[in-house]
Amino acid sequence: MPTSSLDAQLLATARQAYATDGFCVLPPVLPADLLARVPAHMHAVLDGRFETGREPMWKPATDPAAVRVIDQPHVADRTIFELVTQPAIGQAAAAVTGARRVQLWAASLMWKPTGTSSAGKVGWHQDLQYFDSMWEPGTEIITAWIAVSHVTADAGPVRFVPGSHRWGLLNQSEFYNPTDAPIAIPAGAVWREVPALLAPGAFSLHHALTYHGSGPNTSPGPRLGFALHLSLDDARPRPLTADNPGTPYLKHLGDPQVCPILFHAGTRRSV
């Protein structure tokens, strides 16, 4: 599918899925040649080699079996920047949510090694658990999960719980603390898990309240991807202070090399 055009019927289906389930999945829309180049650049950033000379927010894994997460990798590498600012991402986010402006404010490189260790799991969580203290009430935040490798059923795909975006902020379980303890969900609600199986260049979009997590990667190779956190329309950050965990991210909202605008009504992107 060309990156310059997203099928109207596909977007209509995605829009309905997002409204009903709190997430949707889009097929590959990112350039194959770019995707082929990205893994080597992910390796470079993980190894501490930053071609721009600008360091990301460094988060080395303490356990070699755990998911390695590097925040703001796009500031360190031009190829990764090219990937996270692809027009199709902003176009899809706007079309699915009805937003007139989409801005990338935080990105995470995610490298899930192969293995059966529980360290490779990501605990059930709602993104708003971490974002609520960063943004004023009413700010709409969504996440795009971009697949670089084939995310098959055995690769530890992100698993979403349909409809959980209507449960409110439950603030139970955590990303870095996987547990088998059940989430206490609202009366009458149903817990059902749907894996997002993605080919390279495909991506999912999910609401900040949608519960999601993932299991270990038992496939032959690492699971490679990026989580892009996007603010929509007139997003308002909370006051930037030493106590606000969002300050290291949100203080760069005016810097297009850190927080590029991916879509604005009447334009494709501004980077």
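Up top you'll find the structure we're talking about.
Residues numbered from 1 in each chain as written. Predicted model: local features only at pLDDT ≥ 70, side-chain atom pairs only at ≥ 80, totals over all residues. Heavy atoms only, no water.

## Let's talk about the nonpolar core
Thought 1: Core analysis: the biggest nonpolar cluster contains 45 residues, and Val102, Leu109, Leu205, Phe226, Leu228 and Leu230 have the highest contact counts within it.
Thought 2: Counting 15 residues, the second-largest nonpolar core is a separate cluster that includes Val69, Val122, Trp145 and Ala202. (Core = buried A, V, L, I, M, F, W, Y, C linked by side-chain atoms within 4.5 Å. Buried < 20%, exposed > 50% of the residue type's maximum accessible area, 1.4 Å probe, protein only.)

## Details of the pattern of salt bridges
Thought 1: If you walk through the whole model with that rule in mind, you get seven salt bridges.
Thought 2: Taking the shortest distance from any N to any O, the salt bridge between Glu82 and Arg37 comes out at 3.4 Å. With a gap of 45 residues between them, Glu82 in helix H3 (residues 78-84) and Arg37 in helix H2 (residues 32-46) connect regions that are remote in the sequence.
Thought 3: For Asp71, the salt bridge goes to Lys59, with nearest N and O atoms at 3.0 Å. (Salt bridge = Lys/Arg side-chain N within 4 Å of Asp/Glu carboxyl O. Helix = DSSP H or I, 4+ residues; strand = E, 2+ residues; numbered from the N terminus.)

## What to know about helix H1 (residues 8-21)
Thought 1: Taking 1.5 Å per residue as the helical rise, H1 with its 14 residues ought to reach 20 Å, and the 20 Å between its terminal C-alpha atoms agrees with that figure.
Thought 2: Taken as a whole, H1 has its buried residues at Leu10, Leu11, Ala14 and Tyr18. Looking straight down H1, one finds that the buried residues subtend no more than 95° of arc, so they occupy a single side. Away from its buried face by more than 90 degrees, H1 exposes Ala8, Gln9 and Gln16.
Thought 3: The inward-facing, buried residues of H1 contact strand E1 (23-26), helix H4 (87-97), strand E5 (141-147) and strand E8 (203-207).
Thought 4: Between a side-chain oxygen at the N-terminus of H1 and the backbone nitrogen of Gln9 the separation is 3.1 Å; the capping residue is Asp7.
Thought 5: Two residues or fewer after H1 comes Gly22, characterised by a positive phi angle close to 85°. (Expected span 1.5 Å × (residues − 1). Arc of directions from axis to C-beta. Contact = heavy atoms within 4.5 Å. Polar contact = N/O pair within 3.5 Å; in protein donor to acceptor, adjacent residues only side chain to side chain.)

## Remarks on the environment of Ala265
Thought 1: Relative to the helices and strands, Ala265 resides in the segment after strand E11 (261-264).
Thought 2: When its relative accessible area of 24% is taken as the criterion, Ala265 is described as partly exposed.
Thought 3: Distance in space between the C-alpha atoms of Ala265 and Phe131 is 25 Å, their sequence separation being 134 residues.

## As for the pairing of E8
Thought 1: Most of E8 sits inside the fold, with four of its five residues counted as buried.
Thought 2: Relative to E8, E1 is paired through four bridges, and the arrangement is antiparallel. Considered in E8, the bridge of Leu26 is made with Phe203.
Thought 3: As defined by bridge partners, E5 adjoins E8 across five bridges and the pair is classed as antiparallel. When the bridges of E8 are listed, Trp145 appears paired with Ser204. (Pairing = 2+ DSSP bridges.)

## Observations concerning H2
For an α-helix, the turn length of 3.6 residues means that residues three or four places apart are oriented alike.
Thought 1: Here H2 spans 22 Å end to end across 15 residues, near enough to the 21 Å set by a 1.5 Å rise per residue.
Thought 2: The complete set of buried residues in H2 reads Leu34, Leu35, Val38, His41, Met42, Ala44, Val45 and Leu46.
Thought 3: Buried-residue contacts for H2 involve strand E2 (68-71), H3, strand E3 (101-112), E5 and strand E10 (223-232).
Thought 4: Phi turns positive one or two residues past the end of H2, at Gly48, with a value near 85°.

## Quick notes on the packing of H1 against H4
Thought 1: H4 packs onto H1 with a crossing angle of 60° between their chain directions and a minimal axis gap of 8 Å. Classified by the angle between their axes, H1 and H4 sit oblique to one another. Judged by the twist between their axes, the crossing of H1 over H4 is right-handed. Here Leu11, Ala14, Arg15 and Tyr18 of H1 lie close against H4, whose contacting residues are Ala92, Ala95, Val96 and Thr97. (Axes fitted to C-alpha atoms, helices over the stretch in contact; angles between N-to-C directions. Parallel < 35°, antiparallel > 145°, perpendicular 65-115°, else oblique. Left-handed = near helix turned anticlockwise from the far one by under 90°.)

## Overview of the packing of aromatic side chains
Thought 1: Following the criterion strictly, the structure yields nine aromatic pairs and no others.
Thought 2: Their ring planes at 15° and their centres at 4.7 Å tell us that Phe23 and Phe160 sit as a pair that is stacked. A residue pair is termed long-range when its members are at least 10 positions apart, and Phe23 in strand E1 and Phe160 in strand E6 (residues 158-160) qualify at 137 residues. Of the two residues examined, Phe23 and Phe160, each falls in the buried class.
Thought 3: On the basis of an interplanar angle of 85° and a centroid distance of 5.0 Å, the ring pair of Trp124 and Trp191 is categorised as edge-to-face. You can see Trp124 sitting in strand E4 (residues 122-125) and its partner Trp191 sitting in the loop between E6 and strand E7 (194-195), a full 67 residues away along the chain.
Thought 4: A connected cluster of aromatic rings, assembled from ring pairs, spans Trp105, Phe131, Trp135 and Tyr249. (Phe/Tyr/Trp six-rings, centres within 6.5 Å; stacked < 30°, edge-to-face > 60°.)

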